[in-house]
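Fold and contact review
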Amino acid sequence: MKTPPAQLDKTTFGFWLYLMTDCVLFASLFATFAVLRANTAGGPSGKDIFDLPFVLTETVLLLTSSFTSGMALLAARAKVHKQVFFWLSATFLLGAAFLFMEMREFTHIVSEGHGWRMSAFLSSFFTLVGTHGAHIAVGLIWMFVMMFRFSASKISANDLRRLTLFTMFWHFLDIVWIFIFTIVYMFGALS
Amino acid sequence: MLGKLTLDAFKHGPIVTVGQISMVLGALSVVGLLFYLKRWKWLWREWITTVDPKKIGVMYIVVALVMLLRSLSDAAMMRAQQAISVGSNHGFLSSDHFQQVFTAHGTMMIFFVAMGLMFGLINLIVPLQIGARDVAFPFLNATSFWLYAMGAVLLNLSLMVGEIGATGWLAYPPLSELAYSPGVGVDYWIWSIQIAGIGSLLSGVNFLVTILKLRRAGMTLMKMPMFVWSVLGSMVLVVVAFPILTATLAMLALDRSLGMHFFTANAGGNPMMYINLIWAWGHPEVYILILPAFGIFSEVVATFSKKRLFGYAYMVWAIIAIVFLSFVVWLHHFFTMGAGANVNAFFGIMTMVIAVPTGIKVFNWIFTMYRGRVQFTTPMLWFLSFVLTFTIGGVAGVLMAVPAIDFQVHNSLFLVAHFHNMIIGGVVFGYFAGLTYWFPKIFGFKLNERFGRYAFWCWSVGFLLAFIPLYILGMMGATRRLDHYDASLGWQGLFIVAGVGVMVILAGVGFQVLQLIVSIMQRDKNRDKTGDPWDGRTLEWSTASPVPVYNFATLDPVTERDVFWSQKQQKQAAKIQYEDIHIPRNTPIGFLIAVSALLFGFAVIWEIVWLNVVAVLCIIGLVMYRTLDDNTEYVLTAQEVKALETKGAKA
Amino acid sequence: MIYKMRKIVAGICILVGFVVVLALLLQGHTIDVLQPAGIVADKQKHLIIIATLLAIIVVIPVYALTIGVAWKYRASNKKARYTPDWDHDKLIEGVWWGIPIILIGILSVITWQSSHELDPFRAIKSDKPTQKIQVVALQWKWLFIYPEEKIATVNFVHIPVDRPVDFEITADAPMNSFWIPQLGGQIYAMSGMTTHLHLQASKAGTYQGSSANISGEGFADMRFTTEAESEGDFQEWIEDAKTSKDVLDTTAYKTLAAPSRNNNKTTYVLADEKLFDTVIMKFMGHEPDAQRSFESHLHRQVMQ
């Protein structure tokens, strides 16, 4: 069944709006982080716990995955079924690697005794970065479902729409991450 | 296995037990009735799985009215306590219980009564007024409703199992943190409004898209009915403000459940941040509720004055101004926190500025009546009473917008009187007007006018009796939320008068219940056969009452504002060309997602880890199942539509 | 028509009756905010009056127009003009925007000036020395510390008349709000922070004070009395207080700070001048109280 163009329009628009609400959600977390970042309560500050090269690697992984997700969309539009699968798998692996590294970072910080219970700074750090990570995890599940579908059947108009929405979501997470990288990590490690 | 949940959670004092018994009896009688009438299948097929906004709207209103009754009984308990708990008498409620009662009252009234009535009316009317057949995302809409309903269930569950917070309806930290509120009450508060709030957020997105994308051909923005405009403003606010609430509640929940330090008094936490964030949502929330009420009044006044709405363009600009300004006034809720004079003065002035567009709307309504033919039906009476009471609240509001004055009345009963003045006089009267006005459209028969008038008089008089004394009490130094006070202060008499006022309001509610019963019994007498009982102006009146599942058989382009009115004036006979109509299939997935969310909330509150995991997996599974389902619509053929339409015309 | 008149008369009677009842109930009691006894509260009262009068400039036309227009253009009055399509008029709109904007303009100027003049943090100008009093909101009582005089009181405070008082306020409790309506408006009391409220009594008397913000179970009992008295009486009271047998040292403070309700008025000799700062610093530390109580909370749950 072909979806009429108006349908596509309203769904994309609705998804845009959803992304805006997510943007406000992140803005609230960023604002809280900005207020609380100096409140280390005798615990470590960002300078003490951040490993910039490690985070930079994460960043590269995520940015690359954003590129590959775009390629997947282009391939889907061109109806090159195999390529869609390839690029989507690449995106999935890069995203999973990013998430894995983030979890490594978290467990490392916690194992050094700097858990989120220690100070307001650490609470807001884990929450802000963790919320982004949770979004990435949702994105991975989403990709998994799409790959499952694409392997089973041809890409329908609905699937194309889903892929479009997914790339919007993924790019959005990329932008949020750039803010996290700059505000949380770079300012944190350098100040 | 059950986390923190032990048998102790079920132990309560006698007064709570009375509440529990009445709740259980209420639930049992509903269940019994369903068995007796053999309506379980009907309930499942027609209501629980429905994705029709008209039915969802009705369900919103039913839940909201049930919550209204519960929360009014809380109000009555509070006033009774304050009328007798003087000097050596400590009343019939302990301090802790009294504080739980007002927390529950405020939370329910805002999140479950006002929001429920609002989304109910929006669901029922917005698609009709824009001449559409459905909302943008019917399934999402059903999910939103069930999230709201399950939030209400969770809040009521706190009465049965555990407790509700004793912190006031916005649960300011550090009081709401574990250090000072170790029980599960605040957790119940957090999760019930978190679940309902996410539902509201999704509804906001849904209706924003519906209004912007699904309007009938020819209906430009400046041809939309004023109710639609005000809902548009309100939904913009929902979309921007509710994520802040979600984030704030989540952070408080993390503090409480994982020992974080966002808002704790120590370890670097900052309670003031919470107060800023919660009001960055909370103030827009006030306008989220009042804008649709303004929209209802615009429709009611124009219809019952038989005249076009005066100053349409200015009304639109007033809404837009209110939407923007409502984000730069939040600090007026806490001038007393001690921000500098410049900051306080800025927010004070902004608060006054927002009075200008609001005032414009009042004047425009008055001029809509001017040189009209005003019919004093109940919706119109609610409007008149709204103008008279809302103005008093407005004056109090302007007073409190001056920081130096606010220092003297903040957190006193003066403040309580002010916001009840705005919310009862504005929001509640508005929604009552809307319910009466659109009732025939929804159910096919009008409400009894006589009992409606009785209810109106009781509400209006009771309102004055209940809240004018509070203004005075506030000036006498009576702060809000007192479960006990000294006899020497001389407050008791006024509290008793206020209590009498609440009783008069309760009589009004009694008349409303009677009104509903009598109207149902006399429905044949008051049946609306034309679909246009009030000689209406907008598109919802151009289709049959009750509205068919597809809303409109044909979608003729809109040529002007009050399009239905001018069609009637020109006596156009529309050429009818029936077409196939796509209609979304019913699905239980939305309901099941919300039930999973309820379980999730319950599991977090009681720290039942396995249930948490199960609930999350259920939600993921259900969402996946839904997204993989391509078969979500069925087609009503042109033939079937024609058959339904002609049958309707005969009946 | 007679029937309608009867209704109107009955309505007026009810309204008058209501006002009379309210007036009778107020007989012999102070309306604190409108009967000020301090210079700040006095200015605030005047602001209330000015703002109300300005607002009434709008309220009266609204009431008159609403009732008048609705009545004149009632459907049964067929003589009244009916113009169903008349829906805008530039002049009328201009007036509706104009008048409120002018009024809000005036009020804005008043707001700006009064916000600065009556900023609670701003010291009151006087040729007499300022009396410094530190205030700690506790669960659920008020502790007043006179650091220079080395005394402290619970649930009552003495102040000299005609001399500015600088209340330096914090909390060792959830957020409270410190309010003495007859002397002037309130300010929040927050843990780990200091706020200031500058007041000055203009006549001797006893004034009610309370916490205006919910702070837990015993919050309604957080009332205190303010005794404003002449300089002589005040000094006499201080000398008297210094002879109190109760001493407020760290141990006594711990006992006092534990949650309790309906505490008696008590006078202490202050052993630790830095007590106020210690209370503030308590919330700066890294060892979190909440953590401990979180654990004790879990412990309690396990025990059950």
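In this text the structure is predicted, and so the values were computed from the model without any measurement. Going along each chain's sequence as written, the residues are numbered from 1 onward. For naming, the first written chain is A and the first written ligand is 1, with later ones following in the order written. This being a predicted model, a pLDDT of at least 70 is required before a residue's local features are given, and a value of 80 or more before pairs of side-chain atoms are given or counted; all residues contribute to the totals for chains, interfaces and linings. In computing side-chain values, all of the structure's heavy atoms are included and hydrogens and water are not.

Attention now goes to the overall build of chain A. Helical segments are the DSSP runs of H or I of at least four residues, strand segments are the runs of E of at least two, and each set is numbered from the N terminus. Each helix and strand counted, chain A has six helices and zero strands in total. Reading the helices (α) and strands (β) of chain A from amino to carboxyl end gives α-α-α-α-α-α. Each of the three principal axes of chain A carries a C-alpha extent, and together these read 60 × 30 × 25 Å. By residue count, 54% of the 191 residues in chain A fall in the buried class. By sequence separation, contacts in chain A at least 24 residues apart represent 84% of the contacts at least 6 residues apart. The method behind every accessible area is Shrake-Rupley, applied with a 1.4 Å probe, and residues are considered shielded solely by the protein chains displayed. As presented, chain A carries roughly 8,600 Å² of accessible surface, and 73% of it is formed by carbon and sulfur atoms. In this tally Asp and Glu are treated as negative and Lys and Arg as positive; neither His nor the chain ends contributes. Lysine's charge is taken at NZ, arginine's at CZ, aspartate's at CG and glutamate's at CD. Charge separation in chain A, taken as the distance between the mean sites of 13 positive and 10 negative side-chain charges, equals 16 Å. The buried label applies to any residue whose accessible area, calculated with a 1.4 Å probe on protein chains only, is under 20% of its type's maximum; exposed applies above 50%, and partly exposed to all values in between. Contact definition: two residues touch when any of their heavy atoms are within 4.5 Å.

Another aspect to go through is a positive patch on the surface. Patch membership requires over 30% relative accessible area and the absence of a salt bridge. Like charges are linked within 9 Å, and nonpolar side chains (Val, Leu, Ile, Met, Phe, Trp, Tyr) within 5 Å. A side-chain nitrogen of Lys or Arg and a carboxyl oxygen of Asp or Glu constitute a salt bridge if their distance falls within 4 Å. Taken together, the side chains of Arg450 and Arg453 of chain B together with Lys4 and Lys7 of chain C define a basic patch exposed on the protein surface. Residue assignment for the positive patch shows that the elements contributing at least two residues are helix H15 (449–475) of chain B together with helix H1 (2–26) of chain C. Secondary-structure assignment places arginine 450 of chain B in helix H15.

So, on to the domain arrangement of chain C. All names here are of chain C. Domain start and stop points were drawn from an automatic or database domain assignment. Each domain of chain C was delimited in the assignment, giving domain 1 (35–75 + 95–119) and domain 2 (131–281). Between domain 1 and domain 2, the C-alpha centre-to-centre distance is 36 Å. On the side of domain 2, 12 residues touch domain 1, which itself brings eight residues to the contact. Of the roughly 690 Å² buried at the junction of domain 1 and domain 2 (both faces included), carbon and sulfur atoms supply 52%. In short, buried area is how much 1.4 Å probe accessible area vanishes from two parts on joining, totalled over both.

Right, let's talk about the interface of chain A and chain B for a bit. Interfaces are often sized by the amount of accessible area the parts lose when they come together. Contacts between the two partners involve 31 residues from chain A, matched on the other side by 33 residues from chain B. Of the roughly 2,800 Å² buried where chain A meets chain B, counting both sides, 73% is carbon and sulfur surface. The largest per-residue losses of area from chain A upon contact with chain B belong to Lys10, Phe13 and Thr21 of chain A, which jointly make up 17% of the total buried on that side. The tally of links from chain A across to chain B stands at one salt bridge. Across the pair aspartate 9 of chain A and lysine 213 of chain B runs a salt bridge whose closest N-O atoms are separated by 3.1 Å. Elements supplying a minimum of two residues to the side of chain A that touches chain B: helix H1 (5–36), helix H5 (120–152) and helix H6 (157–190) of chain A. Ranked by the residues each element gives to the side of chain A that touches chain B, the list is headed by H1 of chain A, at 16 residues. When grouped by side-chain class, the residues that make up the side of chain A that touches chain B number 15 nonpolar, 11 polar and five charged. We call Asp, Glu, Lys and Arg charged. Ala, Val, Leu, Ile, Met, Phe, Trp, Tyr, Cys and Pro are nonpolar, and the rest, Gly among them, are polar.

It is worth spelling out the nonpolar core at this point. Core analysis: the biggest nonpolar cluster contains 345 residues, and Phe125 of chain A together with Phe167 of chain C have the highest contact counts within it. Apart from the residues within four sequence positions on either side, phenylalanine 125 of chain A is in contact with Phe33, Phe50, Glu105, Phe106, Ile109, Gly130, Val184 and Tyr185 of chain A. By convention a nonpolar core is built from buried Ala, Val, Leu, Ile, Met, Phe, Trp, Tyr and Cys residues, the set being connected through side-chain atoms within 4.5 Å. Judged by nonpolar contacts, the second largest core, of 16 residues, contains Leu143, Ala152, Val154 and Ala257 of chain C.

Counting residues at the interface gives 101 residues for chain C, matched by 106 residues for chain B. Both faces combined, the contact of chain C with chain B buries some 9,200 Å², and carbon together with sulfur accounts for 69% of it. Where chain C touches chain B, the interface holds one salt bridge. Here aspartate 87 of chain C and arginine 308 of chain B are joined by a salt bridge, their closest N and O atoms 2.9 Å apart. Taken together, the elements giving at least two residues each to the side of chain C that touches chain B come down to H1, helix H2 (39–72), helix H3 (90–117), strand S7 (184–189), strand S9 (205–211) and helix H7 (289–303) of chain C. Broken down by element, the side of chain C that touches chain B gets its largest block of residues, 15 residues, from H2 of chain C.

On the surface, Met5, Ile8, Ile12, Val16, Val20 and Leu24 of chain C cluster together into a nonpolar patch covering about 560 Å² of accessible area. We classify valine 20 of chain C as partly exposed; its relative accessible area is 42%.

Residues and elements named next belong to chain C. Of all the six residues making up strand S2 (residues 141–146), six are buried; the element is thus mostly covered by neighbouring parts of the structure. Every second residue of S2 is oriented toward a common face, with Lys141, Leu143 and Ile145 on one face and Trp142, Phe144 and Tyr146 on the other, all of them buried. With five bridges joining them, strand S1 (residues 131–138) and S2 adopt antiparallel strand pairing. When the bridges of S2 are listed, leucine 138 appears paired with lysine 141. Connecting S1 to the antiparallel partner S2 that follows it, the hairpin turn spans two residues. Both S2 and strand S3 (residues 151–154) contribute to a ladder of four bridges, which runs antiparallel. The partner of leucine 143 across the bridge, within S3, is valine 154. We treat two strands as partners when DSSP finds at least two bridges between them.

Further remarks concern the sheet that holds strand S12 (residues 266–270) of chain C. Residues and elements named next belong to chain C. The strand order across the open sheet formed by seven strands is S8-S5-S1-S2-S3-S12-S11, and the pairing between neighbours is mixed. Both edges of this open sheet fall to strand S8 (195–199) and strand S11 (247–248), since each of them pairs with a single strand only. Both S3 and S12 contribute to a ladder of four bridges, which runs antiparallel. From the neighbouring strand, valine 154 faces S12, where its bridge partner is threonine 266.

Before going further, it helps to spend a moment on the pattern of salt bridges. Using the criterion set out here, one finds 21 salt bridges over all chains in the structure. Residue aspartate 159 of chain A is joined to arginine 162 of chain A by a salt bridge in which the shortest nitrogen-to-oxygen separation is 3.1 Å. Here the residue aspartate 159 of chain A and the residue arginine 162 of chain A both occupy positions in helix H6, the gap between them amounting to three residues, near one helical turn. Assigned by exposure class, aspartate 159 of chain A and arginine 162 of chain A land together as buried. Taken together, the salt bridges that share partners define one network made up of Lys306, Asp532, Asp535 and Lys568 of chain B.

Let us now look at the sheet that holds strand S6 (residues 176–180) of chain C. All names here are of chain C. Ordered in space as S4-S10-S9-S6-S7, the five strands form an open sheet in which the pairing is mixed. The outermost strands of the open sheet, each flanked by one partner alone, are strand S4 (156–160) and S7. This sheet shows a mean twist of 20 degrees between the axes of neighbouring strands, independent of strand direction. Pairing of S4 with strand S10 (residues 223–229) involves five bridges; the strand directions are parallel. Bridging from a neighbouring strand, phenylalanine 156 pairs with threonine 225 of S10. Every axis in this analysis is a line fitted to C-alpha atoms, fitted for helices over the stretch in contact. Angles between the N-to-C directions lie between 0 and 180 degrees.

On to the packing of helix H14 (residues 413–443) of chain B against H15 of chain B, then. Residue and element names in this part refer to chain B. At a minimum axis distance of 7 Å, the contact between H14 and H15 shows a crossing angle of 160 degrees. In this view, H14 runs roughly antiparallel relative to H15, as classed from their interaxial angle. Where H14 crosses over H15, the two elements pack in a sense that is left-handed. On the side of H14, the interface is formed by Leu413, Phe414, Val416, Ala417, His418, His420, Asn421, Ile424, Val428, Phe429 and Phe432, while H15 contributes Trp459, Ser460, Phe463, Phe467, Leu470, Tyr471, Leu473, Gly474 and Met475. In terms of residue class, the contact of H14 with H15 is made up of 15 nonpolar, five polar and no charged. Reported orientations rely on four angle classes, namely roughly parallel under 35 degrees, roughly antiparallel over 145, roughly perpendicular from 65 to 115, and oblique for the rest. Working rule for handedness: look at the near helix, and if it is turned counterclockwise from the far one by less than a right angle, call the crossing left-handed; if clockwise, right-handed.

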